[in-house]
Amino acid sequence: MSNATDTLLRVEKGNAEPEELAAITAILLARAAATPEAEVRVPRSQAGWRRLERTPGFRAPHSWQG
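In this text, all values refer to a predicted model and were calculated from it rather than measured experimentally.

Asker: Would you mind going over the overall build of the protein chain in detail, with residue names and values included?
Answerer: Across its full length, the protein chain holds one helix and zero strands. Across the 66 residues in the protein chain, those meeting the buried criterion constitute 0%. Accessible area of the protein chain: about 7200 Å², with a carbon and sulfur share of 57%.

Structure representation (structure tokens):
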């Protein structure tokens, strides 16, 4: 059994026309359909972080290690 309160979208402030609700619904559905599937991540063989105590205290502004 369905009534008027069982909707997917709710307007929090103001009054949306049916055309406006249809437009935002179309945008959201198109965006959801365009989302790529979850990527398979390959584990890294090296840690993604560095131990700061092992780095030199100063790097020149033009250093390649930025």
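Asker: Could you give an account of a nonpolar patch on the surface, with specific residues and numbers?
Answerer: On the surface, Leu8, Leu9, Val11, Leu21, Ile24, Ile27 and Leu28 cluster together into a nonpolar patch covering about 630 Å² of accessible area. Here Val11 is to be found in the segment before α1 (18-34). Residue Val11 is classed as partly exposed on the basis of its relative accessible area of 38%.

The rules behind each value
Residues numbered from 1 in each chain as written. Predicted model: local features only at pLDDT ≥ 70, side-chain atom pairs only at ≥ 80, totals over all residues. Heavy atoms only, no water. Helix = DSSP H or I, 4+ residues; strand = E, 2+ residues; numbered from the N terminus. Buried < 20%, exposed > 50% of the residue type's maximum accessible area, 1.4 Å probe, protein only. Areas by Shrake-Rupley, 256 points an atom, 1.4 Å probe, with all protein chains shown as cover. Patch = residues over 30% accessible without salt bridge, like charges linked within 9 Å, V, L, I, M, F, W, Y side chains within 5 Å. Salt bridge = Lys/Arg side-chain N within 4 Å of Asp/Glu carboxyl O.

Honestly, that's just the spatial picture; any functional story needs more than this.
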